[in-house]
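# Observations on chain architecture
Listed below, chain by chain, are the residues.
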Amino acid sequence: MADISTLSGVKIYKAREAGNLEDVVGNTPLLQLRRLTAHLNPGVRVFAKAEWFNPGGSIKDRPALNIIRKALKQGKLGDGRILLDSTSGNMGIAYATFGATLGIPVTLAIPANASSERISILKALGAKLVLTDPLEGSDGALRKASELYEKHPEKYFYANQYDNPANWEAHYLSTGPEIVEQTQGEITHFVAGLGTSGTLTGTGRYLREMLGKVELIATQPDSPFHGLEGLKHMPTAIKPAIFDPQLPDRTQEVTTEDAHRMVLQLARQEGLFVGISSGAAAWVALKVASELDQGVVVTVFPDAGYKYLSDRQLWEGN
Ligand code: PMP
């Protein structure tokens with residue numbers, strides 16, 4: 001009989017146990033960037049959490065599930081009460097995914113210019129959408145969601161991902177511990193883009209508490225008018241209540257052009273077909289790594305490229 005522990009020399013890992021969709025959130029692979037780091041000092045390694053491995057396709061499965069679980073426990077959801085929030089896409093997809101499997105109706109305020117892929121995915125998952133003025137961006141969607149809630153508080157559970165501590169706590173409870181385990185505590189720098197800031201806040205707090213001396217680097221667009229979907233330009237945006245500006249050691253700005261170029265490099269040199277904010281995160285992680293003699297730089301790739309395919313210019317460029 002064939003040896004099933006290896007096949008053509010490749011180790012076969014234990015299959016996951018059968019279970020529910022919620023049980024396969026998190027525990028994503030930590031992938032090393034090898035070719036894009038070949039020019040760095042040999043003592044420097046760069047890794048990224050491959051968050052598109054989550055069932056809803058992005059990192060936002062973690063906070064969405066934690067917010068839903070906490071609300072169910074506190075009796076704020078259930079009996080047909082509608083989960084309401086604003087979203088630029090990924091959080092909505094995560095809410096709609098778990099809403100569908102748990103039988104919770106979902107209503108989302110979303111800028112009308114969100115990519116057509118995102119809108120179609122949300123509709124496929126059965127979410128009710130309230131489209132908001134594209135010129136007002138994610139802040140316009142946020143205002144709309146809070147307006148809907150003010151009008152009918154009895155109908156909704158307003159999840160409010162920007163202010164809800166269950167957002168960052170999800171990363172404190174999962175993303176942080178996974179990174180410590182996957183790097184055997186050797187991480188020296190953590191880089192994350194700022195949207196709600198949940199990823200940076202929760203993961204950063206855990207890393208600081210566990211390891212003490214880890215440098216936390218926030219990543220944000222270089223201007224209010226940018227193409228980095230999922231990220232916020234904090235100086236000009238409505239500040240999320242969960243954002244603690246004292247937490248990061250520094251903030252590095254990225255241009256949309258640099259993020260776009262990096263997305264193609266990740267695809268063509270690492271085989272990683274990721275979204276635009278992953279390009280921004282990788283650009284900063286590699287910049288940080290290039291200034292080191294030694295270290296382990298970890299970042300997060302929030303989603304894959306599929307939802308951005310309608311931007312053909314981006315993918316087919318040189
Ligand atoms: N990238 C993408 C593609 C996202 O959807 C988000 C969430 N808005 C982020 C990055 C930022 O994550 P966070 O909200 O945890 O700061």
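Domain boundaries assigned for the chain yield domain 1 (19-54 + 165-315) and domain 2 (61-158). The distance between the C-alpha centroids of domain 1 and domain 2 comes to 24 Å. If you look at the interface, domain 1 gives 29 residues, while domain 2 gives 23 residues. Approximately 2,000 Å² of surface area, both sides summed, lies buried where domain 1 meets domain 2, with 52% of it carried by carbon and sulfur atoms. In this assembly, domain 1 and domain 2 are joined by 6 salt bridges. Notably, a salt bridge pairs Lys70 with Glu169, separated by 3.0 Å at the nearest N-O pair.

Glancing now at unusual backbone geometry. A positive phi angle, close to 55 degrees, is found at Asp79, a residue other than glycine. Within the secondary structure layout, Asp79 lies in the loop between helix H1 (61-73) and strand S5 (82-86). Taking relative accessible area as the criterion, Asp79 reaches 88% and is therefore assigned exposed. Positive phi, normally seen in glycine, also occurs at Gln184, with a value near 50 degrees. Mapped onto the fold, Gln184 is located in the loop between helix H5 (165-182) and strand S9 (189-193). The class of Gln184 is exposed, set by a relative accessible area of 68%.

Turning next to helix H6 (residues 198-211). With 14 residues, H6 ought to run about 20 Å at 1.5 Å a step, and its terminal C-alpha atoms sit 19 Å apart, in line with that. Taken as a whole, H6 has its buried residues at Gly198, Thr199, Leu200, Thr201, Gly202, Thr203, Gly204, Tyr206 and Leu207. Looking at the buried residues of H6, the elements they touch are H5, S9, strand S10 (215-221) and strand S12 (295-301).

Attention now goes to the sheet that holds strand S6 (residues 106-111). Ordered by their spatial adjacency, 4 strands build an open sheet running S7-S6-S5-S8, and the pairing between neighbours is parallel. Edge strands, defined here as strands with exactly one partner in the open sheet, are strand S7 (128-132) and strand S8 (156-158). Adjacent strand axes in the sheet meet at a mean angle of 25 degrees when their direction is disregarded. As defined by bridge partners, S5 adjoins S6 across 4 bridges and the pair is classed as parallel. By the bridge assignment, Asp85 is partnered in S6 with Leu108. Contacting S5 and S6, helix H2 (residues 90-102) crosses the sheet at an angle of about 165 degrees to S6. Its contacts with the sheet place helix H3 (residues 116-124) against S6 and S7, and it is angled at close to 150 degrees to S7.

Thresholds, definitions, all that
Residues numbered from 1 in each chain as written. Predicted model: local features only at pLDDT ≥ 70, side-chain atom pairs only at ≥ 80, totals over all residues. Heavy atoms only, no water. Domains from an automatic or database assignment. Contact = heavy atoms within 4.5 Å. Buried area = accessible area lost by both parts, 1.4 Å probe. Salt bridge = Lys/Arg side-chain N within 4 Å of Asp/Glu carboxyl O. Helix = DSSP H or I, 4+ residues; strand = E, 2+ residues; numbered from the N terminus. Buried < 20%, exposed > 50% of the residue type's maximum accessible area, 1.4 Å probe, protein only. Expected span 1.5 Å × (residues − 1). Pairing = 2+ DSSP bridges. Axes fitted to C-alpha atoms, helices over the stretch in contact; angles between N-to-C directions.

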